[in-house]
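Given next are the chains, with one letter for each unit.
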Amino acid sequence: PEAITIQDLANRMAERAVDVIKLLMKQGQMLKINDVIDADTAELIAEEMGHTVKRVSEADVEDGLFSDEVEADELLQPRPPVVTIMGHVDHGKTSLLDALRRSNVVSGESGGITQHIGAYQVEQGGHKITFIDTPGHAAFTQMRARGAKSTDIVILVVAADDGVMPQTREAISHAKAAGVPMIVAINKMDKPAADPTRVRTELLQDEIVVESMGGDVIEVEVSALKGTNLDKLLEMILLQAEVLELKANPDRTAEGTVIEAQLDKGRGPVATVLVQKGTLKVGDILVAGSEWGRVRAMLDENSEQVKEAGPSKPVEVLGFQGTPEAGDMVAVVENEARAREIVDYRQRQKREKATLRDIGSRGSLEQMMN
Ligand code: GDP
Ligand code: MG
């Protein structure tokens, strides 16, 4: 937005806000410190006060931060699939995530006290699979809002004794809209009332035709409770991943997405980052949304320190100055000055947007009073 508060303008010139207000007053404008002036007025004021004006555009600051070029084939290496579990409430999403995790989590050298970091990797036949351990719907809403694609495959969990329900349909439309392939896990097969045929038939209404009905959507009958067929589910994920030919270049500066983040009392801001391109290293300087930091330490889901994290690897990152938000895109930059420049710019944009919103609502309030 081409507008700025008087306070912000004064700060950026390292002048007193009161002097800016005086100058505006001379020009016949009676304004207060939190009032907003347009960019042209701000430029006149700045010049009047002896400053040279350089308008910084988004392109100046943001360009080159994320690589949009297609990388040469010979630089690409296979990477693990990133999987999100979705489905209707109580159909067994959490149970399935827990069961998969218990059975196959890549065991840590220290014996593996696993910790919730919002994502984890399991191993099946020497291949890794990354599971995002946060509510799938939230992940997809964030993905859509920020344009970050952080899921390769959706596991659609449908309880065999309950069938297709409203949130099942919602999950299907999320996955379809994002163009992410689905694998149907028909869960709770241990229950006497389980009726997988009904599930398959109901899915037809949403144009999901599973393989046993002649379609091409993979389905697996499982029981999260009894641990039945979980290996088969993992194999099917790997099969689907093979078809997708998932690849990334590990030999470049890292890019990724924040899966979750919080302020930890002892450790400061802690963000779980899913690395998507390149390799994230201890000591790297990164920006995520309107926060930046220098990677002080990285921990995997076994609470073990790692020095590096390549494509599809989720890691807890310590060293952020502030707490980023889930869904924020992460990029490594060359130095602290560049990180500060980007973050200053984004924080300013955020403030200006908030101010404009504020004025917008004040305006409508005034209209209501008239
Ligand atoms: P979510 O809301 O989709 O995360 O579902 P939960 O994982 O919390 O499971 C809801 C309920 O279904 C819990 O009481 C689970 O114990 C139960 N449940 C989950 N999977 C199975 C299963 O395979 N068999 C049976 N019998 N119960 C299950
Ligand atoms: Mg749950």
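Summary of the structure given here. Treat the numbers as computed from the prediction; the structure is a model and nothing was measured.

## A word on the overall build of the protein
In terms of regular secondary structure, the protein is built from ten helices and 19 strands. Across the 370 residues that make up the protein, the buried fraction comes to 50%. At a minimum sequence separation of 6, the contacts of the protein that also span at least 24 residues come to 72%. Roughly 18,600 Å² of accessible area belongs to the protein as shown, and the carbon and sulfur atoms make up 50% of that amount.

## Some remarks on the side chain of Gln124
Note on placement: Gln124 falls in strand 5 (residues 119–124). A distance of 3.4 Å separates polar atoms of two side chains, one belonging to Gln124 and the other to Glu235.

## Some words on the environment of Lys54
As for its position among the elements, Lys54 is in the loop between helix 3 (39–48) and helix 4 (58–62). Taking C-alpha positions, Lys54 is 8.9 Å from Glu43, a pair spaced eleven residues apart along the chain.

## Here's the deal with the site of ligand 1
With respect to spatial proximity, 15 residues lie near ligand 1, and among them Asp90, Lys93, Thr94, Ser95 and Asp190 are the closest. A distance of 3.0 Å separates an oxygen atom of ligand 1 from a polar atom in the backbone of Gly92. A distance of 2.9 Å separates an oxygen atom of ligand 1 from a polar atom in the backbone of Ala224. A per-element tally of the shell around ligand 1 places helix 5 (residues 93–104) first, with three residues.

## Focus: the pairing of strand 8 (residues 182–187)
Side-chain direction in a regular strand flips from residue to residue, so the side chains alternate between the two faces of the sheet. Along strand 8, six of the six residues are buried, which leaves the element largely enclosed by surrounding structure. Side chains Met182, Val184 and Ile186 of strand 8 all project onto a buried face; the interleaved residues Ile183, Ala185 and Asn187 project onto the opposite face, where all are buried too. Two elements, strand 7 (residues 153–159) and strand 8, share six bridges in a ladder whose sense is parallel. Bridging from a neighbouring strand, Leu156 pairs with Val184 of strand 8. With four bridges connecting them, strand 8 and strand 9 (residues 218–221) associate as parallel partners. Residue pairing across strands places Ile183 opposite Ile218, the latter belonging to strand 9. Note on the crossover from strand 8 through helix 8 (residues 196–204) to strand 9: the handedness is right-handed.

## A closer look at the sheet that holds strand 4 (residues 82–87)
Reading across the sheet, the six strands line up as 5-6-4-7-8-9 and stay open at both edges, with mixed pairing between neighbours. Strands at the two margins of the open sheet, each flanked by one partner only, are strand 5 and strand 9. In this sheet, neighbouring strand axes are inclined to one another by 30° on average, regardless of whether the strands run parallel or antiparallel. For strand 4 and strand 6 (residues 127–132), the ladder comprises three bridges, and the chain directions are parallel.

## What about the nonpolar core?
With 27 residues, the main nonpolar core has Leu96, Leu100, Phe131, Ile155, Leu233 and Ile237 as its most contacted residues. Elements represented by at least two residues in this core include exactly strand 4, helix 5, strand 5, strand 6, strand 7, strand 8, strand 9 and helix 9 (230–244). Broken down by element, this core gets its largest block of residues, seven residues, from helix 9. Among all residues touching Leu233, those that are not within four sequence positions of it are Leu96, Leu100, Ile155, Ile183, Ala185, Val220 and Val222.

## Structural notes on helix 1 (residues 6–13)
Every buried residue belonging to helix 1 is among Ile6, Asp8, Leu9, Ala10 and Met13, and all of these are buried. One or two residues past the end of helix 1 sits Ala14, with phi positive at roughly 55°.

## Remarks on the packing of helix 1 against helix 2 (residues 17–26)
At a minimum axis distance of 8 Å, the contact between helix 1 and helix 2 shows a crossing angle of 115°. Where helix 1 crosses over helix 2, the two elements pack in a sense that is right-handed. Contacts between helix 1 and helix 2 involve Ile6, Gln7, Leu9, Ala10 and Met13 from the former and Ala17, Val20, Ile21 and Leu24 from the latter. When the residues that make up the contact of helix 1 with helix 2 are grouped by side-chain class, the tally is eight nonpolar, one polar and no charged.

## Observations regarding the packing of aromatic side chains
By the definition in use, this model includes one aromatic pair. Between Tyr120 and Phe131, the aromatic rings sit 5.7 Å apart at their centres with planes inclined by 35°, giving tilted as the arrangement. Here the residue Tyr120 occupies a position in strand 5, and Phe131 occupies one in strand 6, the gap between them amounting to eleven residues. Taken individually, Tyr120 and Phe131 each receive the classification buried, so the pair is uniform in this respect.

## Details of the pattern of salt bridges
Side chains that differ in charge, positive against negative, can pair when their charged atoms come close. Going through the model one piece at a time under the given rule, you end up with 16 salt bridges. Note that Glu219 and Arg200 form a salt bridge whose closest N and O atoms lie 2.5 Å from each other. Taken together, the residues Glu219 in strand 9 and Arg200 in helix 8 connect sequence positions 19 residues apart. Taken individually, Glu219 and Arg200 each receive the classification buried, so the pair is uniform in this respect. Linking Arg267 and Asp264 is a salt bridge whose minimum nitrogen-to-oxygen distance equals 3.6 Å. Look at Asp264 and you get partly exposed, because its relative accessible area is 27%. One salt-bridge network, held together by shared partners, links Arg200, Glu219 and Glu221.

Each value, and the rule that gives it
Residues numbered from 1 in each chain as written. Chains lettered and ligands numbered in written order. Predicted model: local features only at pLDDT ≥ 70, side-chain atom pairs only at ≥ 80, totals over all residues. Heavy atoms only, no water. Helix = DSSP H or I, 4+ residues; strand = E, 2+ residues; numbered from the N terminus. Buried < 20%, exposed > 50% of the residue type's maximum accessible area, 1.4 Å probe, protein only. Contact = heavy atoms within 4.5 Å. Areas by Shrake-Rupley, 256 points an atom, 1.4 Å probe, with all protein chains shown as cover. Polar contact = N/O pair within 3.5 Å; in protein donor to acceptor, adjacent residues only side chain to side chain. Near = heavy atom within 4 Å. Pairing = 2+ DSSP bridges. Right-handed = clockwise from strand over helix to strand, strands pointing away. Axes fitted to C-alpha atoms, helices over the stretch in contact; angles between N-to-C directions. Core = buried A, V, L, I, M, F, W, Y, C linked by side-chain atoms within 4.5 Å. Left-handed = near helix turned anticlockwise from the far one by under 90°. Nonpolar A, V, L, I, M, F, W, Y, C, P; charged D, E, K, R; others polar. Phe/Tyr/Trp six-rings, centres within 6.5 Å; stacked < 30°, edge-to-face > 60°. Salt bridge = Lys/Arg side-chain N within 4 Å of Asp/Glu carboxyl O.

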